[in-house]
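What follows is each chain in one-letter form.
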Amino acid sequence: MDANEILDYCLAKKGVTESFPFDNETLVMKVDTKMFLLMGLERQPLAINVKTDPEWSAELREQYPQITGAYHMNKTHWNSVTVDGLKRDLIFKLIDQSYELVFKSLTKKAQNEVNSL
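Student: Just checking my understanding: could you explain the nonpolar core for this structure?
Tutor: One broad rule of soluble globular proteins: the nonpolar side chains tend to lie buried together. Grouped together as the largest cluster of nonpolar side chains are 30 residues, with contacts concentrated most on Ile6, Phe36, Leu37, Ile48 and Ile95. Secondary structure elements with two or more residues in this core: helix H1 (3–11), strand S2 (26–31), strand S3 (34–40), strand S4 (47–51), helix H2 (54–63), helix H3 (88–105) and helix H4 (108–115). Ignoring sequence-local partners within four residues, the contact set of Ile6 consists of Met1, Leu37, Met39, Leu46, Ile48, Val83 and Ile95. Grouped together as the second largest cluster of nonpolar side chains are five residues, Val28, Leu38, Ala70 and Trp78 included.

Structure (C-alpha cells):
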C-alpha cells in the first residue's frame with residue numbers, strides 16, 4: 001500500500017480535507033477541523049498516525065510490531081502504524097475507526113454539516 005492509496009481512501013470520506021499545517025512533508029487529514037490521520041510523505045517505510053480506541057490500541061501493539069504509540073501525540077489514543085507488512089484491510093479498518101472517533105467528537109452542528117455534504 002502506498003501514500004496515494006491512503007490519501008484516496010481518506011478523501012472518499014465525507015467532509016475530509018488535506019493540508020500541511022506543520023511542514024511540507026507531513027500530510028494531515030481532517031474531518032471538519034479535527035485531525036484523524038497524519039502521514040509523513042518522505043518517511044520510508046511509509047507510516048501513518050491514527051486515533052484508536054485505547055483498548056484496541058493495547059491489543060494492536062501486542063500483536064503487531066509495526067504499531068506503536070504515536071510520537072508527539074497522546075499515546076493512549078494515537079498510534080503510529082508502519083504500513084509495511086500489514087494487511088490492507090487492517091489499515092483501512094484503522095483509518096475508518098480514526099475517522100469515526102474524530103467524527104463523533106464533533107459538535108452535532110458540525111456532524112450535520114459533514115453529513116449534508
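Student: Looking at this structure, how should I read the confidence of the model for the protein chain?
Tutor: Keep in mind that low pLDDT regions are not for reading the predicted coordinates in detail. Averaged over all residues, the pLDDT of the protein chain equals 96, while 100% of them reach at least 70. Within the protein chain, the element-level pLDDT minimum falls on H2, averaging 95, and the maximum on H3, averaging 98.

Student: Would you mind showing me how to read the packing of H1 against H3 here?
Tutor: Axis angle and axis distance: for two packed helices, these are the angle between their axes and the distance between the axes, and together they describe the pair. Where H1 contacts H3, the two axes come as close as 11 Å, and the packing angle between them is 40°. One way to sum up the angle between H1 and H3 is to call them oblique. Crossing of H1 over H3 shows right-handed handedness. Residue-level inspection shows Glu5, Ile6, Tyr9 and Cys10 of H1 in contact with H3, the latter providing Arg88, Phe92, Ile95 and Asp96.

Student: I would appreciate a short explanation of the environment of Phe36 in the present structure.
Tutor: Residue placement: Phe36 occurs in strand S3. Sequence-wise, Phe36 and Tyr9 are 27 residues apart; in three dimensions their C-alpha atoms are separated by 13 Å.

Student: Just to check I follow, could you spell out the sheet that holds S2 for this structure?
Tutor: Strands pair in a sheet through their backbones, by hydrogen bonds, and they do so in one of two ways: parallel or antiparallel. Taken together, six strands build an open sheet; the order of strands is S1-S2-S3-S4-S6-S5 and the sheet is antiparallel. Two strands lie at the open edges of the sheet, namely strand S1 (16–19) and strand S5 (67–69), each paired on one side alone. Taking each pair of neighbouring strands and ignoring which way they run, the sheet shows an average axis angle of 25°. Sheet topology places S2 next to S3; six bridges connect them, and they run antiparallel. Across the sheet, Leu27 pairs through a bridge with Met39, a residue of S3. Its contacts with the sheet put H3 on S1, S2, S3, S4, S5 and strand S6 (78–82), and the angle it makes with S4 is roughly 40°.

Student: Explain the environment of Leu7 here, please?
Tutor: Mapped onto the elements, Leu7 comes out in helix H1. In this structure the C-alpha to C-alpha distance between Leu7 and Leu37, which are 30 residues apart in sequence, comes to 9.8 Å. Once residues lying within four places of it in the same chain are set aside, the contact partners of Leu7 are Glu18, Leu27, Met29 and Met39.

How each quantity is defined
- Residues numbered from 1 in each chain as written.
- Predicted model: local features only at pLDDT ≥ 70, side-chain atom pairs only at ≥ 80, totals over all residues.
- Heavy atoms only, no water.
- Core = buried A, V, L, I, M, F, W, Y, C linked by side-chain atoms within 4.5 Å.
- Buried < 20%, exposed > 50% of the residue type's maximum accessible area, 1.4 Å probe, protein only.
- Helix = DSSP H or I, 4+ residues; strand = E, 2+ residues; numbered from the N terminus.
- Contact = heavy atoms within 4.5 Å.
- pLDDT = per-residue confidence, 0-100.
- Axes fitted to C-alpha atoms, helices over the stretch in contact; angles between N-to-C directions.
- Parallel < 35°, antiparallel > 145°, perpendicular 65-115°, else oblique.
- Left-handed = near helix turned anticlockwise from the far one by under 90°.
- Pairing = 2+ DSSP bridges.

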